[in-house]
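# Descriptive structure summary
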Amino acid sequence: MTDTGISKDENDIHDIVVQMVRQLRGGSGGGGGGGGGGGYYGGSSYYGSSRSSSGDGIPMGVVMAIIIVFLGVAGFIFYLQCKANGNNIGSDKEFDAAVDSQRMKSTSLSSSQTSITATAYKPTSQMLCGIGMKGQNRSIIISSINPNGLFANSGLKVGMFVRTINNVSTIGRTPAEMTQLIKEAIGQVTIVTGGAYPPFESYSGTFDMSYVDRGKTFRGHVILELQQDNSVGGYRVTGTTADADGTATIIDGLVTYDGDAWWLDEVSSGNDAGLKVLSTGKLDWSKNTFEGVWRANTGQSGQYSSFQSTNVTKTFTHLTPTAEETAPPVVVATAVSPFSDTTGQINDHTPIVTAVTDSSSPIVIAIANKPTKDVLVGIGIKAPNGHSPQITTINPDGLFSTSALRVGMYIHSINNVSMSDKTAAESTQVIKQLVGEVTIAAGWNIPAPVTAAPLPSAPPAEPEVYVPPV
């Protein structure tokens, strides 16, 4: 059989057009010229002369117009079917509302960062103010407000970050210290709240992730780039995503200093152009993982099965007090552990931690008791340049959890031994070998290298003389 190059659908369309033309010609079958002989559809020629306006032939222009109209209608029907059976982009009417809800939370968070000054009168040291505080990401936040306490109607709210109490800065201090300051106060108690101190200035990394969509597991990767923005009390999110839907660009998003995260990505080209996905959940700064859910504007939604990075880069900002937060020269704090009672008295199970901050120097000195060599101190150390070790993690259950040490500080010395020329492994080994008092001096500045003092010259040694036994 000779291949005509015409598909079955094209033949069907052709036959339909032929029937339409025959109806217009007023007959069927042979018609036309020569008594049913000759042409493909009988008669002389199916289309006839383009110039003829009578007889059996139909002008070519009319025939082409009929074909164009018919194909146009068929194409429109095909478009409607594709639209009905496609990916339904934009069919989720509540998607935009969900995105707006996340943006409203960001606005609310931004407003909560505005500085608020609350003042109450405390007639005696025994009177309770009715305000609780806890540590969070190098900051102290309000954890509770007693509705019958002195600050019940002050404008302070749970979750606000405390900057100063009676002009004493919270920088480098523990919640136990600041609570004790309030307890001992008599007369006016002034609390100033404001923006949080971020754990770092910027954060970026590539995350390998997997998710389930309609029973199937898909894999991809997400590049997150976070930049500190104190006006919103968190990090603005940019980056890209790549998965089964193609490559998308993150067009909006925010991560709080506490790790609460959301971002919106959109596919800008290809078959899925216009597809938007909203991701919400929690970033773990220490593990570099994300746990959360996703929701697309097609109406589909699901959960991330895994979301982790192994190549995160962080940059840190030095914490320096503002003019109104000038600290006293020396502050000594004794930690209150989970094992102590409500009075703050330390029992035999509590590790003693003393934090001394010298305002004339950016150095923090933290002291802890390590009863045995096997006790873990709970501090992670790295040395990006091969020396000048830097604190990367502080275990909340470790010996220094309530000290003034902070992630990002450079370790200057351990038990008066300089660490400026030590690697991370060497510094860690020094801590591991210690038993008893462990003193760590750290600060935000890279320590200056230690230069060995020249040894004084010594007189020539006398020659060794062998004295035989008597």
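Scroll up a little and you will see the structure.
Because the structure is a prediction, the values reported are computed rather than measured. (Residues numbered from 1 in each chain as written. Predicted model: local features only at pLDDT ≥ 70, side-chain atom pairs only at ≥ 80, totals over all residues. Heavy atoms only, no water.)

So, on to helix H4 (residues 175-184). All of the buried residues in H4 are Glu177, Met178 and Ile182. With its buried residues spanning 135° around the axis, H4 presents them on a single face. (Buried < 20%, exposed > 50% of the residue type's maximum accessible area, 1.4 Å probe, protein only. Helix = DSSP H or I, 4+ residues; strand = E, 2+ residues; numbered from the N terminus. Arc of directions from axis to C-beta.)

Right, let's get into the environment of Asp421. Tracing the chain through its elements places Asp421 in the loop between strand E22 (417-418) and helix H5 (424-433). Linking Asp421 and Ser388, residues 33 residues apart in sequence, is a C-alpha distance of 6.1 Å. In this structure Asp421 touches His387 and Glu426, once residues within four positions along its chain are discounted. (Contact = heavy atoms within 4.5 Å.)

Let us look at unusual backbone geometry. Backbone geometry at Asn166 places phi at a positive 50°, although glycine is not the residue there. Mapped onto the elements, Asn166 comes out in the loop between strand E4 (161-165) and strand E5 (168-169). When its relative accessible area of 29% is taken as the criterion, Asn166 is described as partly exposed. The residue Arg214 is not glycine, and still its phi comes out positive at about 55°. Along the chain, Arg214 turns up in the loop between strand E7 (202-213) and strand E8 (216-229). For Arg214, a relative accessible area of 64% puts it in the exposed group.

With that out of the way, let us pick up the pairing of E7. Bridge analysis of E7 against E8 gives twelve bridges, and the strand direction is antiparallel. The residue of E8 that forms the bridge with Tyr211 is Phe218. In sequence, E7 turns back onto E8 through a hairpin of two residues, with Arg214 there showing a positive phi of about 55°. Where E7 lies against strand E15 (residues 313-315), three bridges are found, and the strand directions are antiparallel. Each residue of the ladder has a partner; that of Ser204, found in E15, is Thr313. As judged from the five bridges shared by E7 and strand E14 (residues 301-309), these two strands associate in the antiparallel manner. Note that in E14 the partner of Tyr211 across the bridge is Tyr304. (Pairing = 2+ DSSP bridges.)

This part covers the side chain of Ser420. Tracing the backbone through its elements, the reader meets Ser420 in the loop between E22 and H5. In this structure Ser420 comes out as buried when scored by relative accessible area, which is 6%. Of note is the side chain of Ser420, whose polar atom sits 3.1 Å from the side chain of Ser418. (Polar contact = N/O pair within 3.5 Å; in protein donor to acceptor, adjacent residues only side chain to side chain.)

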